[in-house]
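Working through the structure, step by step
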Amino acid sequence: VRMVLFKSFNWILVVLGVTTLSSVANRAQGASTPSSSSSSPAPLAFLRDLESKYSHQPTFLQAVQEMATSLQPLFDKDPSGFYQRAFLTMAEPERIISFRVPWVDDEGIQRINRGWRVEFSSVLGPYKGGLRFHPTVDEGILKFLGFEQIFKNALTGLPLGGGKGGSD
């Protein structure tokens, strides 16, 4: 799994014109997992601003923290902090469109549904992602799904960014 994440992150950074991460990925492939390591991984302190800004969206924060934890070996080998800054840039949506859809049900009662389109990282190309319609959908859920869509799309090798839309 770690190697897949490195390849995905590598593809995005290569498109940005950054040198490849293959040597870092190869070293990480042979490294032990954090649970079997004698020392604990360095804290992800660079995420604190993001965590305070989006504390009301725990699902989104969990996805960002898990991805950052997976990329921790890469961050540890970069004293300049470039990869951490690139990661933070990718973690912020480029655009969030929110809207409402008023409608009248079969019994004549006025209803309103909220909808969102969250778009992340158009570095590779136009946004691609699906739709989710469920009463539990909110902006945080769609941010989580859109953030993960960046990496999912990068792994396909197609030049696509990540996006997700939906409504409650």
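In what follows, the structure referred to is the one given above.
Here's what I pulled together on the structure shown here. (Residues numbered from 1 in each chain as written. Predicted model: local features only at pLDDT ≥ 70, side-chain atom pairs only at ≥ 80, totals over all residues. Heavy atoms only, no water.)

1. Let's talk about the pattern of salt bridges
Any two side chains of opposite charge can pair if their charged atoms end up close together. Where we set the bar: Any Lys or Arg side-chain nitrogen found within 4 Å of a carboxyl oxygen on Asp or Glu counts as a salt bridge. A run of DSSP states H or I qualifies as a helix once it reaches four residues; a run of E qualifies as a strand once it reaches two. Both are numbered from the N-terminal end. Residue burial is assigned from relative accessible area. The probe radius is 1.4 Å, only protein chains are included, and a residue is buried under 20% of its type maximum, exposed over 50%, and partly exposed in between.
Overall, the coordinates contain 5 salt bridges when judged by the stated rule. Among the salt bridges present, the one from Arg 95 reaches Glu 119, with a minimum N-O distance of 2.7 Å. Taken as a pair, Arg 95 in strand S1 (residues 95–104) and Glu 119 in strand S2 (residues 110–120) lie far apart in primary sequence, 24 residues in all. Overall, Arg 95 belongs to the partly exposed group, its relative accessible area being 40%. Note that Asp 168 is salt-bridged to Arg 114, the shortest N-O span being 3.0 Å. Here the residue Asp 168 occupies a position in the segment after strand S5 (161–167), and Arg 114 occupies one in strand S2, the gap between them amounting to 54 residues. With relative accessibility at 23%, the residue Asp 168 sits in the partly exposed group. You can call Arg 114 partly exposed: its relative accessible area is 42%. Linked by salt bridges that have partners in common, Arg 95, Arg 117 and Glu 119 make up one network.

2. A closer look at a nonpolar patch on the surface
Threshold: In this scheme, patches are assembled from residues that exceed 30% relative accessible area and form no salt bridge. Like charges are connected within 9 Å, while nonpolar side chains (Val, Leu, Ile, Met, Phe, Trp, Tyr) are connected within 5 Å. Per-residue and other accessible areas follow the Shrake-Rupley method at a 1.4 Å probe size, with only the shown protein chains counted as cover for residues.
A cluster of nonpolar side chains, namely Ile 97, Phe 99, Val 101 and Trp 103, defines an oily patch on the protein surface of about 340 Å² accessible area. Residue placement: Phe 99 occurs in strand S1.

3. Examining the environment of Lys 143
As a reminder, the rule being used: Whether two residues are in contact is decided by their heavy atoms: any pair within 4.5 Å suffices.
Take Lys 143: it is sitting in helix H7 (residues 139–156). A residue is classified by how much of its surface remains accessible, and Lys 143, at 0% relative accessible area, is buried. Sequence separation between Lys 143 and Trp 116 is 27 residues, and the spatial gap between their C-alpha atoms is 9.5 Å. Each residue touching Lys 143, except ones within four places of it in the same chain, is listed here: Tyr 54, Gln 57, Phe 60, Pro 93, Ile 96, Val 118 and Phe 120.

4. Thoughts on the nonpolar core
For the record, the criterion: Each nonpolar core is a collection of buried residues, namely Ala, Val, Leu, Ile, Met, Phe, Trp, Tyr and Cys, held together in the definition by side-chain atoms within 4.5 Å.
Ranked by internal contacts, the top residues of the largest apolar core, which has 28 residues, are Leu 47, Val 64, Phe 87 and Phe 147. Elements supplying a minimum of two residues to this core: helix H4 (58–70), helix H5 (72–76), helix H6 (82–91), S2 and H7. In contact with Leu 47, not counting residues within four places along its chain, are Val 64, Gln 65, Ala 68, Phe 87 and Leu 88.

5. Here's the deal with the environment of Ala 91
Assignment of secondary structure puts Ala 91 in helix H6. According to the relative accessible area criterion, Ala 91 is buried, its value standing at 0%. A sequence separation of 30 residues divides Ala 91 from Leu 61, and the C-alpha atoms of the two residues are 9.4 Å apart. With residues up to four places along the chain from it excluded, the contact list for Ala 91 reads Leu 50, Phe 60, Val 64, Phe 120 and Phe 147.

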